[in-house]
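# Breakdown of the fold
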Amino acid sequence: MARVHLWAGLRRFTDGAEVIEVEGATITQVFAALRVAHPGLAPFLDGGVSVVVDGALSTNRHAPVGVTSEVFLLQRIKGG
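Residues numbered from 1 in each chain as written. Predicted model: local features only at pLDDT ≥ 70, side-chain atom pairs only at ≥ 80, totals over all residues. Heavy atoms only, no water.

## A look at the pattern of salt bridges
Scanning all chains against the criterion turns up 4 salt bridges. Here glutamate 21 and arginine 3 are joined by a salt bridge, their closest N and O atoms 3.4 Å apart. Placement of glutamate 21 in strand β2 (residues 19-22) and of arginine 3 in strand β1 (residues 2-5) is noted, with a sequence separation of 18 residues between them. Note on glutamate 21: relative accessible area 43%, which makes it partly exposed. The partner of arginine 35 in a salt bridge is aspartate 46, with the nearest N and O atoms 2.6 Å apart. One end of the pair, arginine 35, is in helix α1 (residues 27-37); the other, aspartate 46, is in helix α2 (residues 42-47), and 11 residues separate them in sequence. The class for arginine 35 is partly exposed, based on a relative accessible area of 27%. The network of salt bridges with common partners includes Arg3, Glu21 and Glu70. (Salt bridge = Lys/Arg side-chain N within 4 Å of Asp/Glu carboxyl O. Helix = DSSP H or I, 4+ residues; strand = E, 2+ residues; numbered from the N terminus. Buried < 20%, exposed > 50% of the residue type's maximum accessible area, 1.4 Å probe, protein only.)

## What about the pairing of β1?
Where β1 and β2 come together, 4 bridges link them in antiparallel fashion. Each bridged residue has a counterpart across the sheet, and for valine 4 the counterpart in β2 is isoleucine 20. Bridge count for β1 against strand β5 (residues 70-75) is 3 bridges, and the pairing is parallel. Within β5, the position partnered with histidine 5 by the bridge is phenylalanine 72. (Pairing = 2+ DSSP bridges.)

## Quick word on a nonpolar patch on the surface
Among the surface-exposed residues, Leu57, Phe72, Leu74 and Ile77 lie close enough to one another that they form a single nonpolar patch of about 350 Å² accessible area. Residue position: phenylalanine 72 is located in strand β5. (Patch = residues over 30% accessible without salt bridge, like charges linked within 9 Å, V, L, I, M, F, W, Y side chains within 5 Å. Areas by Shrake-Rupley, 256 points an atom, 1.4 Å probe, with all protein chains shown as cover.)

## Comments concerning the nonpolar core
Counting 20 residues, the largest nonpolar core has Val4, Phe31, Leu34, Val51 and Leu73 as the members making the most contacts within it. Of all the secondary-structure elements, those providing two or more residues to this core are β1, β2, α1, β3 (49-53) and β5. Leave out the neighbours within four places in its chain, and leucine 34 touches Val4, Ile20, Val22, Pro39, Leu41, Leu45 and Leu73. (Core = buried A, V, L, I, M, F, W, Y, C linked by side-chain atoms within 4.5 Å. Contact = heavy atoms within 4.5 Å.)

What follows is the structure, encoded as structure tokens:
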């Protein structure tokens, strides 16, 4: 199972959990599993978050996620 790390503001939707373990072979599948497990996260996932998988920032929601991957959700990183 992938381990998904949440920033502090999201933890109120997971009963305070900082790390959630979910199944998913891609970022899209991980997001779907998070929505089922913690529906309160859906607006943030749908609104846009930055995702780091195993230390690499990913903009591809179809990027693979391994069963031992560390996934970090970050507030949206904007450039300009």
